[in-house]
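The lines below spell out each chain.
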Amino acid sequence: MQFKHPEILYFLFLLVIPILVHLFQLRRFKTEYFTNVRFLKELSIQTRKSSKIKKWLLLATRLLLLACLIIAFAQPFFKAKDSQHSGNEMVIILDNSFSMQAKGSRGELLKRSVQELLEDTPGNYRFSLITNTETFWDTDIKSIQKDLQNLKYSATPFQLDFLLTKIETKKHNIPKDIFIITDAVNVQSKNLEKLNENSPVYYWIPSAENKNNVSIEGVSISGQSETFYEIKVDVKGFGHLENDIPMSVYNGKNLVAKTVAKLEENKKSVQFNLPKKDFHGYVSIEDNSLSYDNTYYFSISKPEKSNVIAIGESLKNNFLSRIYTPDEFIFTSTELSGLDYNAIERQDAIVLNEIKDIPQALSTTLKSFYEKGGNVVLIPSAESNTQNINVFLSNFSAIQFGSLQNQEKQITKIAFSHPLYKTVFERKTDNFQYPKVNVAFSTNSSGSPVLSYADQSFFLSSTTNKIGHLYVFSAPINKTNSNFQNSPLIVPTFFNMAQNNQKTGISAFTIGENQNLILDTLLSKDEVVTIANDNSDFIPMQQILNNKIKLTFGDYPEQAGNFSVIKGKEVLKKISFNHPRTESDLSLINDNIFDNFTSVTSVEAVFNDIHSARTGNEIWNYFILATLLFLVLELLIQKFVK
């Protein structure tokens, strides 16, 4: 037991006063002579004994009364169990990632957590609250009530180490209590390394009742005819799924297709045929779990003709003119001597077809062209100087050529998953007439192989800067050296190498992946491009590239949906954005990594635990009650004890 005012205990010396009064208040009896009667003598003896007992009882009562009163003023208490952390600041870390959309026994996990914070946090309690996207420093629950009620789900994953770094930066060397509220989906043990061992850590993991989930992973064009696109929708399931999944496709608000998908081995690719015209909508499914991954927005613009220049001898360029037909391409064949360098900026693809020597000026121009989103195709000549080729390739990648090998090579491997062939083959096949070459340059293994020889070296390789692509052949493909021009691969290979992904295909960007979009448009000095829909708008980072503009989206927009690229009042392009599917698998719960910390089952339990562990047990009020009790006891002794 300890005292807040121990100096008051010196007043216990006052207990001597009642004792002295008791000792010196002895009454002297005067002798009176009465008739010698025995009965009167006995009565006198009994009276004197009774009076002595009463005085001792009164002395004891008064001593205890005074002692209790003095001790009460000294304010005794028992020290708190966790007194060393009594001055800690409370920091609450609340996970608002999409996985918190899962439903528990009392509704969605995030909404339940917010409701408990609002109901069970003491009104005058000061704390800081951090979410994946929001920060509230040194506040109280009443001040942030509306913010919490309007808190939105975030596509940002729950990164505990990042949030702890943010807290430590703001509250450096300040003792803290950490209270973590998360469903523990995708939480890794390395995320806990920054938790301070000296800071008490409490965690609450609200549990979802249904951990089954279905997600739309992506949409792509698997084929097309003159009048229709064939759309492939990839669906993935998590957990044990038994029911069929209803799926609908909307162009704007209009329903254009509907089906039911049965997930086999928890994945499925569903095919839709859409009219070959502008599409600006989404595909959606219905399940009883997370909702953020049930909708995938995408846009398809009317195909624009791609501009292609083939630089080389006219006879060798003839096969390209049969691939790049006027209905889909604006094709130009030119020899190096007649090349218009000013026309390169307006192209989508440049084919260097067996040029013996690549001039430095052309190399520099094509490097700039590639950096602005253009595609470059290099077909070497058997008479090319490897040093000249390597100097050219050093502007784009680490691919390098060695000596020319006079040896027949068979092309035996196709990278079916490469973007060039993603929509070409319905399935992998071994029954294929592979082409061959008579001579080829040796190469290093850098780059992404598209077509490979039997010795695993590449015949065709690619590299990209995310907006532009470089395609490199390791051998001439003229009919004298190779039968590649007679292969079924020739058309899809060159057709897709010349396609500008910004002009054709599906426009569907992933929020947070910092993707780029390049548009053919001219902007004045102070003019900007805006991305907008009916609910929100933002201005992306933009870079003017002569007659083009490069847009970078970063972490915007905040919400998925269909958007338009707007210049003034002109709509340049329809595009769509989707959240990354990083929170879809609810089975990835790592709740055991918090075992070294204090587990609680509610917000109320945290504050109760802190209050009980850090609040001293004051017992001065019991001494006040004892004082009153002894006072009453003294009165009773005075009245009833003779």
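Everything below is about the structure printed above this text.
A few points on the structure. Just so you know, these numbers come straight off a predicted model, no measurement behind them. (Residues numbered from 1 in each chain as written. Predicted model: local features only at pLDDT ≥ 70, side-chain atom pairs only at ≥ 80, totals over all residues. Heavy atoms only, no water.)

A few points about the pattern of salt bridges
Then step 1. Tallied over the entire structure, the rule returns 13 salt bridges.
Then step 2. Residues joined in a network through salt bridges with shared partners are Glu89, Asp138 and Lys171. (Salt bridge = Lys/Arg side-chain N within 4 Å of Asp/Glu carboxyl O.)

As for the pairing of strand 25 (residues 448–453)
Then step 1. Pairing between strand 22 (residues 409–414) and strand 25: 3 bridges, direction antiparallel. Among the inter-strand pairings, isoleucine 411 is bridged to a residue of strand 25, identified as tyrosine 453.
Then step 2. Here 4 bridges tie strand 25 to strand 26 (residues 458–464), and the two strands are oriented antiparallel to one another. Looking at strand 26, one finds that proline 449 is bridged to serine 461.
Then step 3. Here strand 25 folds back onto strand 26 in antiparallel fashion, the turn holding 4 residues, of which glutamine 456 has a positive phi close to 75°. (Pairing = 2+ DSSP bridges. Helix = DSSP H or I, 4+ residues; strand = E, 2+ residues; numbered from the N terminus.)

Details of a nonpolar patch on the surface
Then step 1. A cluster of nonpolar side chains, Val16, Ile19, Leu20, Leu23 and Phe24, forms an exposed patch at the surface whose accessible area comes to about 480 Å².
Then step 2. With respect to the element layout, phenylalanine 24 can be found in helix 1 (residues 16–24).
Then step 3. The exposure class assigned to phenylalanine 24 is exposed, which follows from its relative accessible area of 70%. (Patch = residues over 30% accessible without salt bridge, like charges linked within 9 Å, V, L, I, M, F, W, Y side chains within 5 Å. Areas by Shrake-Rupley, 256 points an atom, 1.4 Å probe, with all protein chains shown as cover. Buried < 20%, exposed > 50% of the residue type's maximum accessible area, 1.4 Å probe, protein only.)

So, the pairing of strand 9 (residues 201–204)
Then step 1. Of the two faces of strand 9, both are covered, the one formed by Val201 and Tyr203 as well as the one formed by Tyr202 and Trp204.
Then step 2. With 4 bridges joining them, strand 8 (residues 176–181) and strand 9 adopt parallel strand pairing. Counterpart to isoleucine 178 in the pairing with strand 9 is valine 201.
Then step 3. Pairing geometry for strand 9 and strand 36 (residues 598–599), over 2 bridges, is parallel. In the strand pairing of strand 36, tyrosine 202 is matched with threonine 598.

Description of the sheet that holds strand 9
Then step 1. Here we have 6 strands laid out as an open sheet, ordered 7-6-3-8-9-36, and mixed in their pairing. The open sheet is flanked by strand 7 (135–139) and strand 36, the only strands paired with a single partner.
Then step 2. When strand 3 (residues 89–94) meets strand 8, the two strands line up parallel, connected through 6 bridges. Each residue of the ladder has a partner; that of glutamate 89, found in strand 8, is lysine 176.
Then step 3. Those strands touched by helix 3 (residues 109–120) are strand 3, strand 6 (127–131), strand 8 and strand 9, and its axis lies near 160° from that of strand 3. (Contact = heavy atoms within 4.5 Å. Axes fitted to C-alpha atoms, helices over the stretch in contact; angles between N-to-C directions.)

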